[in-house]
Amino acid sequence: MSKELLLVVDAVANEKGVDKAVIFDAMEAALASAAKKRYVDQDVAIRVSINRHNGDYETFRRWEVVPDDIVMESPERMIRLMDAEDEKPGSGIGDFVEEQIENPEFGRIAAQAAKQVIVQRVREAERAQVVDAFRDRIGELITGVVKRVERGAVYLDLGGNAEAYIARDKTIPRETVRTGDRVRGYLYDVRAEARGPQLFVSRTAPEFMMELFKLEVPEVGQGLVQIKACARDPGDRAKIAVLATDTRTDPIGACIGMRGSRVQAVSNELNGERIDIVLWNDNPAQFVINAMAPAEVQSIIVDEDKHSMDIAVAEDKLSQAIGRGGQNVRLASKLSGWQLNVMTEAQVRNKSESEQESARQLFMTRLEVDAEIAAILVQEGFSTVEEIAYVPTGELLAVEGFDEDIVEELRARARDALLTEALAVEEDIDEHKPAPDLVAVDGMDEALAYTLAQHGVVTRENLADLATDELMEFGIDGMDEDRAAALIVAARAADT
């Protein structure tokens, strides 16, 4: 039996490519499981130790040392410290006291159990090896052979024991993939899971297209051209922004290639996805103009506070600028990171006039100025009372016709208007402030009390008058029926 153990360990380790220590641990666990069969209806702890050199093994029953004053949950596995001292002097809490017992007979049933344990441990070791091998490759392209396709998801054989998984939503729509095809993807995650896939691959990620351009365009690999951003509607259309680090390099031409060979190679890999290559610009407005290609932008209005831009195009080019199903403007928005509103020149003009009129009315009402002063403020780019109150004095003095007296008066009125608004808000908040007796209800905390007050439950009496389902209708986070009922009961008990 000793030689057979060593032969099995050698054979499995060589065949599966796992460390012998993993096999020895698995066999010890299997032998311990077989030894437990003798102790019917007893939850005993067994340890088996295999000699790594000659294959001999010994079996021990063990007890964990616990304090003298606790109730032992598992007497078959535990021993009190005072008893452990008698068996093994010098024992401490957490140590183990062991007693050698007869080795288990390695019969047919035990052999079958051992096989299952060994197979499981070997599988776990193989999966751990895969994780270790690919953990540092996240963000790279990997290529595999399609092993199977299940409900739109694709499983790739990467060779060895490695298998990658492409979820259905990570595959390119309408792309046909068959068993045996070679497929490339972007490795975006590696997770050590007990079951299921561990290597997660995407063909829809913008990074996948960027990595493909690195392969096809030498200038990108050499650092002469940078890929700054990418936005995709997988399998349909994409936009990619590029920038040359060397003024002698044409970044768009480099990515397109001779007769479009480079961009076509990337497009073919992406099931015919059409790719717009645009020039990156540090100026957000100019970059958006570039990103809207092939549509021509006539004018653009930037709202930095809302992080949005109003884009004006010719009326006969509006459909082209928006794109089918809003695709062109949506991709340009993703690429630039700005919210884009595409409209005709007339619509932009009407919107601008409407906003200016609103600002004029705001200044006339809040600052109590005449239409002329309000118009001047709007013309100079002011749109809120806060800007008038806190903008540097020099900016207001730079306005033609404004002297120090006018500026100081405007700033004083603006601050008074803001103070009045703040007081009104504070008064509104006070109206929804919970009463002390509501905060004092058992099970209540201050945050919940304020939330209830916003719903009109200000006092303990208000809470006591509610039914459980009425309190649940408020939709308060973390509130379930049990807590709602308990709060109402506590409020009613306090009133009695």
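Located above this text is the structure these notes cover.
Rules of the game
- Residues numbered from 1 in each chain as written.
- Predicted model: local features only at pLDDT ≥ 70, side-chain atom pairs only at ≥ 80, totals over all residues.
- Heavy atoms only, no water.
- Helix = DSSP H or I, 4+ residues; strand = E, 2+ residues; numbered from the N terminus.
- Rg over C-alpha atoms; globule rule 2.2 N^0.38 Å.
- Buried < 20%, exposed > 50% of the residue type's maximum accessible area, 1.4 Å probe, protein only.
- Areas by Shrake-Rupley, 256 points an atom, 1.4 Å probe, with all protein chains shown as cover.
- Lys, Arg positive; Asp, Glu negative; His and termini not counted.
- Charge placed at Lys NZ, Arg CZ, Asp CG, Glu CD.
- 1 Å grid on protein atoms, 1.4 Å probe; cavity = no way out; pocket = protein on both sides within 12 Å on 5 of 7 lines; lining within 4 Å.
- Points joined across faces, edges and corners; volume = space filled by probe spheres on them.
- Nonpolar A, V, L, I, M, F, W, Y, C, P; charged D, E, K, R; others polar.
- Arc of directions from axis to C-beta.
- Pairing = 2+ DSSP bridges.
- Axes fitted to C-alpha atoms, helices over the stretch in contact; angles between N-to-C directions.

A closer look at the overall build of the protein chain
Here is step 1 of the chain: When helices and strands are counted, the protein chain shows 21 helices and 15 strands.
Here is step 2 of the chain: Against the globule reference of 23 Å for 496 residues, the protein chain gives a C-alpha radius of gyration of 37 Å, more extended than a compact globule.
Here is step 3 of the chain: With the C-alpha coordinates aligned to their principal axes, the bounding extent of the protein chain is approximately 105 × 85 × 40 Å.
Here is step 4 of the chain: Out of the 496 residues belonging to the protein chain, those deemed buried represent 39%.
Here is step 5 of the chain: Carbon and sulfur atoms provide 47% of the accessible area of the protein chain, an area that totals close to 28,200 Å².
Here is step 6 of the chain: The protein chain carries 57 positive and 94 negative side-chain charges, and their two centres are separated by 13 Å.

Quick notes on the layout of surface pockets
Here is step 1 of the chain: One number sums up the size of the largest pocket: a volume of about 810 Å³.
Here is step 2 of the chain: The set of elements that each furnish at least two residues to the lining of the largest pocket consists of strand 13 (299-303), strand 14 (308-313), strand 15 (339-344) and helix 12 (345-366).
Here is step 3 of the chain: In terms of residue count, helix 12 provides more of the lining of the largest pocket than any other element does, 8 residues in total.
Here is step 4 of the chain: Classifying every residue of the lining of the largest pocket by side-chain character gives 8 nonpolar, 9 polar and 8 charged.

What to know about helix 13 (residues 371-379)
Here is step 1 of the chain: For helix 13, every residue scored as buried is listed here: Ile-373, Ala-374, Leu-377 and Val-378. All buried residues of helix 13 fall inside an arc of 135° around its axis, so they share one side. Summarising the geometry of helix 13, the exposed residues directed more than 90 degrees from the buried face are Glu-372 and Gln-379.
Here is step 2 of the chain: Phi turns positive one or two residues past the end of helix 13, at Gly-381, with a value near 100°.

Re the sheet that holds strand 13
Here is step 1 of the chain: Strand order across the open sheet formed by 3 strands is 13-14-15, with mixed pairing between neighbours. The sheet is open, and its two edges are formed by strand 13 and strand 15, each paired on a single side. Strand after strand, the sheet turns through a mean of 20° between neighbouring axes, direction not considered.
Here is step 2 of the chain: Here strand 13 runs beside strand 14; their pairing, made up of 5 bridges, is antiparallel. Residue Ile-300 lies in a different strand from strand 14, and its bridge partner there is Ile-311.

Observations concerning unusual backbone geometry
Here is step 1 of the chain: A cis amide bond links Ala-293 with the next residue in sequence, Pro-294, at an omega value of 10°.
Here is step 2 of the chain: Here the phi dihedral of Arg-174 falls at roughly 65°; this positive angle occurs in a residue that is not glycine.
Here is step 3 of the chain: Residue position: Arg-174 is located in the loop between strand 7 (162-166) and strand 8 (182-190).
Here is step 4 of the chain: With relative accessibility at 66%, the residue Arg-174 sits in the exposed group.
Here is step 5 of the chain: Phi is positive for Glu-368, close to 55°, though the residue is something other than glycine.
Here is step 6 of the chain: Mapped onto the elements of the fold, Glu-368 is located in the loop between helix 12 and helix 13.

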